[in-house]
Amino acid sequence: MKFRFVGAVALSFAVAGCSSVAPDGRPLIQHFFRDLVMRGCGFQMTWESARQATDTFKPVIPTDRERMTDRGLMRAAIAVCGKAKPGNKSKAIEVQVPDSGGLLRKIVVERE
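Just so we're clear, the structure is a prediction, and the values are computed from it rather than from any experiment.

Caption draft 1: Molecular detail of the nonpolar core. Formed by 19 residues in total, the largest nonpolar core has its most connected members in Phe-33, Val-37, Phe-43, Met-45 and Ile-107. Counting residues per element, the ones that place at least two in this core are α2 (28–41), α3 (47–56), α5 (71–83), β1 (92–98) and β2 (104–110). It is α5 that contributes the most residues to this core, 5 residues altogether. Those residues within four positions of Ile-107 in sequence are excluded, and the remaining contacts are Ala-53, Thr-56, Phe-57, Ala-76, Ile-93, Glu-94 and Val-95.

Here it is in structure tokens:
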């Protein structure tokens, strides 16, 4: 009985891991990055900025699952939250962070 339950859970995780597109048609990595920035520091970023940031930080291993834990993308989210202070009302934030390969990349994140 326990093995059936474990098998069902493993199967559901496998099916969830295979889908790389959210119901609205955007890639999951864009949802992940935008959610991380919005919940982490309250910066209301646009979908276009999320797309540009995720396209800039392409991983060494080009599957979406590894992109979600890509160091460059996580560093970008931390850098954006570092510059997005509560009193800062600027329309855009520009940050430079190294990607997973060590190259310095620049992204501009715009507010909605």
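Caption draft 2: Inspection of the side chain of Arg-34 at higher detail. Looking at where Arg-34 falls in the secondary structure, it is placed in helix α2. Its relative accessible area of 11% is what places Arg-34 among the buried residues.

Caption draft 3: Region of interest: the pattern of salt bridges. One pass over the full model with this rule turns up 5 salt bridges. Residues Asp-35 and Arg-39 are paired through a salt bridge, measuring 3.4 Å at the closest nitrogen-oxygen approach. With a gap of 4 residues between them, Asp-35 and Arg-39 both fall in helix α2, about one helical turn apart. We note a salt bridge from Lys-106 to Glu-94, for which the minimum N-O separation is 3.8 Å. Placement of Lys-106 in strand β2 and of Glu-94 in strand β1 is noted, with a sequence separation of 12 residues between them. For Lys-106, a relative accessible area of 48% translates into the label partly exposed. One salt-bridge network, in which partners are shared between bridges, spans Glu-48, Arg-51 and Asp-55.

Caption draft 4: Seen up close, the pairing of β1. With burial as the criterion, only one face of β1 is covered, namely that bearing Ile-93, Val-95 and Val-97; the residues Ala-92, Glu-94, Gln-96 and Pro-98 on the opposite face remain uncovered. Sheet analysis places β1 next to β2, joined by 7 bridges and oriented antiparallel. Note on β2: the bridge partner recorded for Gln-96 is Lys-106. Linking β1 back to β2 in an antiparallel pair, the connection comprises 5 residues, with Gly-102 at a positive phi of about 95°.

Caption draft 5: How the structure looks around the packing of α2 against α5. The interhelical angle for the contact between α2 and α5, taken along N-to-C directions, is 30°, at an axis separation of 9 Å. Looking at the two axes, α2 sits roughly parallel to α5. The interaxial crossing formed by α2 with α5 has right-handed handedness. Two secondary-structure elements touch here, α2 through Ile-29, Phe-32, Phe-33, Leu-36, Val-37, Gly-40 and Cys-41 and α5 through Leu-73, Met-74, Ala-76, Ala-77, Val-80 and Cys-81. The residue inventory of the contact of α2 with α5, partitioned by class, reads 12 nonpolar, 1 polar and no charged.

About the criteria used
- All chains use their own residue numbering, which begins from 1 and follows the written sequence.
- Two thresholds apply to this predicted model, a pLDDT of at least 70 for residue-level local features and 80 or more for giving and counting side-chain atom pairs, whereas whole-chain, interface and lining totals are computed over all residues.
- Where side-chain values are given, they derive from all heavy atoms of the structure, hydrogens and water being excluded.
- Take the buried Ala, Val, Leu, Ile, Met, Phe, Trp, Tyr and Cys residues and link them wherever side-chain atoms come within 4.5 Å; each set so joined is a nonpolar core.
- Each residue gets one of three labels from its accessible area relative to the maximum for its type: buried under 20%, exposed over 50%, partly exposed in between, using a 1.4 Å probe on protein chains only.
- Helix and strand definitions here come from DSSP, where helices need a minimum of 4 consecutive H or I residues and strands a minimum of 2 consecutive E residues; each element is numbered from the N-terminal end.
- Contacts are assigned to residue pairs with any non-hydrogen atoms lying within 4.5 Å of each other.
- Any carboxyl oxygen of Asp or Glu that lies within 4 Å of a side-chain nitrogen of Lys or Arg is treated as forming a salt bridge with it.
- Any two strands between which DSSP finds at least two bridges are classified as paired.
- Axes, fitted as lines to C-alpha atoms, cover a helix only where it is in contact. Angles between the N-to-C directions of the axes lie from 0 to 180 degrees.
- Orientation is classified from the angle alone, with under 35 degrees giving roughly parallel, over 145 giving roughly antiparallel, 65 to 115 giving roughly perpendicular, and any other angle giving oblique.
- Take the far helix as the reference: if the near one is turned anticlockwise from it by less than a right angle, the crossing is left-handed, and if turned clockwise, right-handed.
- In the scheme used here, Gly and all other residues not listed as nonpolar or charged are polar, with Ala, Val, Leu, Ile, Met, Phe, Trp, Tyr, Cys and Pro taken as nonpolar and Asp, Glu, Lys and Arg as charged.

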